[in-house]
Amino acid sequence: MKSAFLPDRGVVKVAGEDARNFLNGLVTTDLDRLKPGLGRFGALLTPQGKIIVDFLITEVPAGHGGGFLIDCPKALAEGLATKLKFYKLRAKVTVENLSDDLGVLAAWDGALAAQPDLAFADPRHDGLGYRILIPEDLKQKLSDLIGAELVDAAAYEAHRIALGVPRGGLDFMYSDAFPHETNMDRFAGVDFDKGCYVGQEVVSRMQHRGTARTRSVKVLLDGPSPEIGAAILAGDKPVGTIGSSADGKGIALVRIDRVADALDAGQPLTAGGLALTLAEPEVVRIPAKQPTA
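Residues numbered from 1 in each chain as written. Predicted model: local features only at pLDDT ≥ 70, side-chain atom pairs only at ≥ 80, totals over all residues. Heavy atoms only, no water.

(A) Examining the overall build of the protein more closely. The number of helices and strands found in the protein is six helices and 16 strands. Expected size for 293 residues packed as a compact globule is a radius of gyration near 19 Å; at 20 Å, the protein falls within 12% of this value. Looking at the protein residue by residue over its 293 residues, the buried ones come to 50%. When contacts within the protein are restricted to residue pairs at least 6 apart in sequence, those whose partners lie at least 24 apart make up 68%. For the protein, the computed accessible surface area is about 13,700 Å², with 51% contributed by carbon and sulfur atoms. Charged side chains of the protein number 33 positive and 38 negative; the gap between the two group centres comes to 6 Å. (Helix = DSSP H or I, 4+ residues; strand = E, 2+ residues; numbered from the N terminus. Rg over C-alpha atoms; globule rule 2.2 N^0.38 Å. Buried < 20%, exposed > 50% of the residue type's maximum accessible area, 1.4 Å probe, protein only. Contact = heavy atoms within 4.5 Å. Areas by Shrake-Rupley, 256 points an atom, 1.4 Å probe, with all protein chains shown as cover. Lys, Arg positive; Asp, Glu negative; His and termini not counted. Charge placed at Lys NZ, Arg CZ, Asp CG, Glu CD.)

(B) Quick look at the environment of Gln 200. With respect to the secondary-structure elements, Gln 200 resides in helix α5 (residues 200-209). Look at Gln 200 and you get partly exposed, because its relative accessible area is 21%. When the C-alpha positions of Gln 200 and Gly 49 are compared, they lie 6.7 Å apart, and in sequence the two are 151 residues distant.

(C) Structural detail: the sheet that holds strand β13 (residues 237-246). In spatial order, the strands read β11-β14-β13-β12-β15-β16; together these six strands close into a barrel with antiparallel pairing. Recorded for the sheet is a direction-independent mean angle of 40 degrees between the axes of neighbouring strands. Sheet topology note: the strand β12 (residues 231-234)/strand β15 (residues 269-271) ladder contains three bridges and is antiparallel. Considered in β15, the bridge of Leu 233 is made with Thr 270. Running at roughly 105 degrees to strand β14 (residues 249-255), helix α6 (residues 256-265) makes contact with β11 (214-221), β12, β13, β14, β15 and β16 (274-278) of the sheet. (Pairing = 2+ DSSP bridges. Axes fitted to C-alpha atoms, helices over the stretch in contact; angles between N-to-C directions.)

(D) Main features of α5. Taken together, the buried positions of α5 are Val 202, Val 203, Ser 204 and Met 206. Tucked inside the fold, the buried residues of α5 contact β3 (39-45). Downstream of α5 by one or two residues, Gly 210 has phi in the positive range, about 60 degrees.

(E) The arrangement of the nonpolar core in detail. With 31 residues, the main nonpolar core has Leu 6, Ile 51, Leu 69, Leu 133 and Tyr 156 as its most contacted residues. Those elements that provide at least two residues to this core are β3, β4 (51-59), β7 (103-108) and α4 (153-163). The contact partners of Leu 133, leaving out residues within four places of it in the chain, are Val 11, Thr 58, Leu 69, Asp 71, Leu 102, Gly 103, Val 104, Leu 118 and Phe 120. Residues Phe 22, Phe 55, Ala 81 and Val 198 belong to the second largest nonpolar core, which totals 24 residues. (Core = buried A, V, L, I, M, F, W, Y, C linked by side-chain atoms within 4.5 Å.)

(F) Broad picture of the side chain of Arg 40. Here Arg 40 shows up in strand β3. A polar contact of 3.1 Å, which involves the side chain of Arg 40, links it to the side chain of Thr 29. Setting aside chain neighbours within four positions, we find Arg 40 in contact with Thr 29, Asp 30, Arg 33, Leu 34, Phe 55, Leu 56, Ile 57, Pro 123 and Asp 191. (Polar contact = N/O pair within 3.5 Å; in protein donor to acceptor, adjacent residues only side chain to side chain.)

(G) Region of the structure containing the packing of aromatic side chains. On inspection of all chains with the given rule, the structure shows three aromatic pairs. Ring centres 5.3 Å apart and planes at 65 degrees place the aromatic pair Trp 108 and Tyr 156 in the edge-to-face group. Of this pair, Trp 108 sits in strand β7 while Tyr 156 sits in helix α4, and the two are 48 residues apart along the sequence. Assigned by exposure class, Trp 108 and Tyr 156 land together as buried. Geometrically, the ring pair formed by Phe 172 and Tyr 174 is edge-to-face, given 5.3 Å between the ring centres and 75 degrees between the ring planes. Each member of the pair, Phe 172 as well as Tyr 174, is classed as buried. (Phe/Tyr/Trp six-rings, centres within 6.5 Å; stacked < 30°, edge-to-face > 60°.)

This is the structure in structure tokens:
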């Protein structure tokens with residue numbers, strides 16, 4: 001088993017007697033299905049349905065003070081805390097950015113030898129393993145406890161990319177992407193049966209009408225990695241942009257209809273003059289809508 005402390009991740013705490021209902025009215029995931037030891041994937045959206053910040057969230061055991069801890073990009077943690085305070089109004093909640101004291105250890109490729117406090121399975125993909133919320137100075141001690149070899153965060157990044165799990169700021173831009181475009185619907189990041197939340201109307205419409213035409217996809221690279229943000233071309237026609245990459249694999253944000261047309265026409269895909277192929281070509285095929293009776 002491997003572990004890595006992720007220096008780009010921060011932690012925001014939301015506590016108080018109204019915390020669950022408060023968050024449930026704002027974010028895409030259903031906190032009524034959350035309890036200590038479990039994690040959920042979700043996001044806070046703009047009213048137009050675009051991702052302000054995506055995150056993992058877990059519930060704190062009552063013995064540790066209760067509340068919820070949000071594992072989010074460290075660069076966005078203070079902004080997230082400020083945004084939540086803006087929505088607070090009269091709700092009985094407290095919001096704290098704990099990123100200076102608490103961070104995130106990822107552990108994968110095995111089972112935990114022990115179950116630390118504030119540990120949970122990453123709900124996005126079985127292969128991503130576990131998250132453990134700890135101070136950075138405990139990373140070696142916790143790795144030894146769970147039976148993991150502590151490695152550099154770059155190893156985790158390569159693992160994430162190989163699994164095709166997008167990362168905000170690299171594979172899509174915050175405030176510019178809808179949840180469907182980053183596959184949040186496929187990674188259990190949107191609960192379509194819960195009540196209203198910010199941006200819910202737009203996201204529900206995309207789900208029921210099947211109007212998502214842009215998607216994050218896994219790609220295989222032939223040679224060096226193109227620069228992040230490089231245009232992906234089918235012939236001379238732009239069809240997407242390249243995101244993060246490592247070890248001959250990458251993640252791209254593409255117009256699936258245009259890529260499907262290119263595949264049908266036998267047109268090669270390139271980025272920065274370098275050839276690439278889709279790891280799973282079937283993901284760009286939009287299922288035909290079933291006729292209604």
